[in-house]
Amino acid sequence: MATAAQWIEGARPRTLPNAIAPVIAGTGAAASIDAVVWWKAILALLVSLALIIGVNYANDYSDGIRGTDDERVGPLRLVGSGLASPAAVRTAAVVSLAIGAVFGLVLVALTAWWLILIGAACLAGAWYYTGGSKPYGYSGFGEIAVFVFFGLIGVLGTQFVQAERIDWVGAALAVAVGAFSSAVLVANNLRDIRTDTESGKVTLAVKLGDPRTRTLHLVLLAVPFVATLLLVVRSPWALVGLLAVPLAVRANAPVRSGRGGLELIPALRDSGLALLTWSILTALALGFATV
C-alpha cells in the first residue's frame, strides 16, 4: 500500500512547472494588452495542474500494466514498483482529469462554448499518450504533444479566456513555453533510451538516437531566448527573460557532457526551473510595460 508521500511522488511534482508556466506566460500575454482577469487565470491554473497530475498517473498506469516501468531508472512509479494496484492508479488518473474537466467547463461557460472541443482534445491527449491500443507516446509524438498542449494551447488558451483574443505576443510566448516543456520531456526520454528500446517504447529519443537527442535538447532550450528578442518589440523590459540563460545552460550541462541514467535527472529539474523562471520574468516584464 503506497503512502501519501509515495502518491505525491507518483504524481511527479518535478513536472508541475510544465503546468504552471503556461498559465503564467498566458497571463503575461493578457497583461501586455491590459486584459488580465485574475480569477480566470486561477481557474486556468487549476485546470492545468489537474491535467498534468492526471496525465502523470495515467502514464504510470499504462506503462505499469505494459511492463515498461519494470526496470525504471528514474523517479518512483506506483504500478511498476508494486506499491499501488493498477486500478487504484487508474482511478487517481480519472479523478484528476475529471477535476480538470470541471474547472474547464466553468471557463467554457464563461468564455466561449467551442473551447469545450479543445478541452476534449486535451483530455484525449492526456489519456492516449501512453494509454489505449496505439499510444502516440510510443510512436515518437510525445514531444509534439507537449509542445501543443502545454505550449500552444496552454498559453494561448490562458490568454484567450482572459482577453477573449490572442495576439502575436501570446504566440511567441506559446512557442517559447512549448519548446521549454518539450526540452523537459527530451531529457527524460534521453535518460530512458536503453530501457524504452528494450520494452518497445519508441520515443523520439529512441528514433533520433543519443547524439541527436542531446542536440535537440540544446536547440529547444535556445528557442525561448530567441523569443525574448522578438518580445522586445512589445516591451524592452522583456530582456529580463535573458536572466534565465544561466539556468538553461545548467540544465543542458549533464546533456552536453554525455551523462546518462540517473545523472540526467538534474537536466529534467533544471529544464523545468529554467522554464518557470523565464515565464515569470517575461510575464512580469510584459505586465510592467502596461503600468
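J.: Account for the overall build of the protein chain, with residues named and values stated.
T.: The helix and strand tally for the protein chain stands at 13 helices and zero strands. Its helices and strands in sequence order give the protein chain the pattern α-α-α-α-α-α-α-α-α-α-α-α-α, from N to C terminus. Taken over C-alpha atoms, the radius of gyration comes to 18 Å for the protein chain, in line with the 19 Å a tight globule of 291 residues would show. Once the C-alpha set of the protein chain is aligned to its principal axes, its extents read approximately 55 × 45 × 30 Å. When the 291 residues of the protein chain are sorted by exposure, 52% land in the buried category. A separation of at least 24 residues holds for 76% of the contacts in the protein chain among residues at least 6 apart in sequence. Accessible area for the protein chain stands at about 12400 Å²; split by element, carbon and sulfur atoms hold 72% of it. One way to put it: in the protein chain the 20 positive side-chain charges average out to a point 3 Å from where the 16 negative ones average out.

J.: Go over a nonpolar patch on the surface, please, and point to the residues and values.
T.: Among the surface-exposed residues, Leu105, Trp113, Trp114, Ile116, Leu117 and Ile118 lie close enough to one another that they form a single nonpolar patch of about 620 Å² accessible area. Of the residues forming the nonpolar patch, the biggest block, three residues, is contributed by helix α6 (residues 115-128). Tracing the chain through its elements places leucine 105 in helix α5 (residues 86-110).

J.: Go over the pattern of salt bridges, please, and point to the residues and values.
T.: Following the criterion strictly, the structure yields seven salt bridges and no others. In this structure, the salt-bridge partner of arginine 234 is aspartate 167, at a minimum N-O distance of 3.3 Å. Taken together, the residues arginine 234 in the loop between α11 (210-231) and α12 (245-256) and aspartate 167 in the loop between α7 (142-163) and α8 (168-191) connect sequence positions 67 residues apart. A relative accessible area of 28% places arginine 234 in the partly exposed class. Among the salt bridges present, the one from aspartate 192 reaches arginine 191, with a minimum N-O distance of 2.9 Å. Classification of arginine 191 by relative accessible area gives buried; the value is 5%. Each of Arg250, Arg269 and Asp270 takes part in a single network of salt bridges with overlapping partners.

J.: An account of the packing of aromatic side chains is requested, with residue identities and associated values reported.
T.: Summed over the entire model, instances satisfying the criterion amount to six aromatic pairs. Ring geometry for tryptophan 7 versus tyrosine 57: centroids 5.7 Å apart, planes at 70°, classification edge-to-face. With tryptophan 7 in helix α1 (residues 4-10) and tyrosine 57 in helix α3 (residues 38-66), the pair connects residues that are 50 residues apart, well separated along the chain. For tyrosine 57, a relative accessible area of 8% gives the class buried. With a centroid separation of 6.0 Å and 85° between ring planes, the pair formed by phenylalanine 180 and phenylalanine 225 is classed as edge-to-face. Here phenylalanine 225 lies in helix α11 and phenylalanine 180 lies in helix α8, a separation of 45 residues in the sequence. What makes phenylalanine 180 buried here is its relative accessible area of 0%. Overall, the relative accessible area of 11% leaves phenylalanine 225 in the buried class.

J.: Summarise the environment of alanine 124; cite the residues concerned and give the values.
T.: Examined against the element boundaries, alanine 124 turns out to sit in helix α6. Once the C-alpha coordinates of alanine 124 and valine 55 are considered, the two residues, 69 residues apart in sequence, prove to be 10.0 Å apart.

J.: Would you mind going over the side chain of glutamine 159 in detail, with residue names and values included?
T.: Locating glutamine 159 in the fold gives a position in helix α7. Taking the relative accessible area as the measure of exposure, glutamine 159 reaches 0% and is therefore buried. When near neighbours in sequence (up to four residues on either side) are disregarded, glutamine 159 contacts Gly26, Ala29, Ala30, Ile33, Glu164, Arg165, Ile166, Asp167 and Gly170.

J.: So, α8: which residues are in play, and what are the values?
T.: The α-helix advances 3.6 residues per turn, and as a result positions three or four apart in sequence lie on the same side. For α8, built from 24 residues, the straight-helix expectation of 34 Å at 1.5 Å per residue is met to within 8% by its first-to-last C-alpha distance of 35 Å. Among the 24 residues in α8, 21 count as buried, and that is most of the element.

Reading guide: rules and limits
Residues numbered from 1 in each chain as written. Predicted model: local features only at pLDDT ≥ 70, side-chain atom pairs only at ≥ 80, totals over all residues. Heavy atoms only, no water. Helix = DSSP H or I, 4+ residues; strand = E, 2+ residues; numbered from the N terminus. Rg over C-alpha atoms; globule rule 2.2 N^0.38 Å. Buried < 20%, exposed > 50% of the residue type's maximum accessible area, 1.4 Å probe, protein only. Contact = heavy atoms within 4.5 Å. Areas by Shrake-Rupley, 256 points an atom, 1.4 Å probe, with all protein chains shown as cover. Lys, Arg positive; Asp, Glu negative; His and termini not counted. Charge placed at Lys NZ, Arg CZ, Asp CG, Glu CD. Patch = residues over 30% accessible without salt bridge, like charges linked within 9 Å, V, L, I, M, F, W, Y side chains within 5 Å. Salt bridge = Lys/Arg side-chain N within 4 Å of Asp/Glu carboxyl O. Phe/Tyr/Trp six-rings, centres within 6.5 Å; stacked < 30°, edge-to-face > 60°. Expected span 1.5 Å × (residues − 1).

Read these as spatial facts, not as claims about activity.
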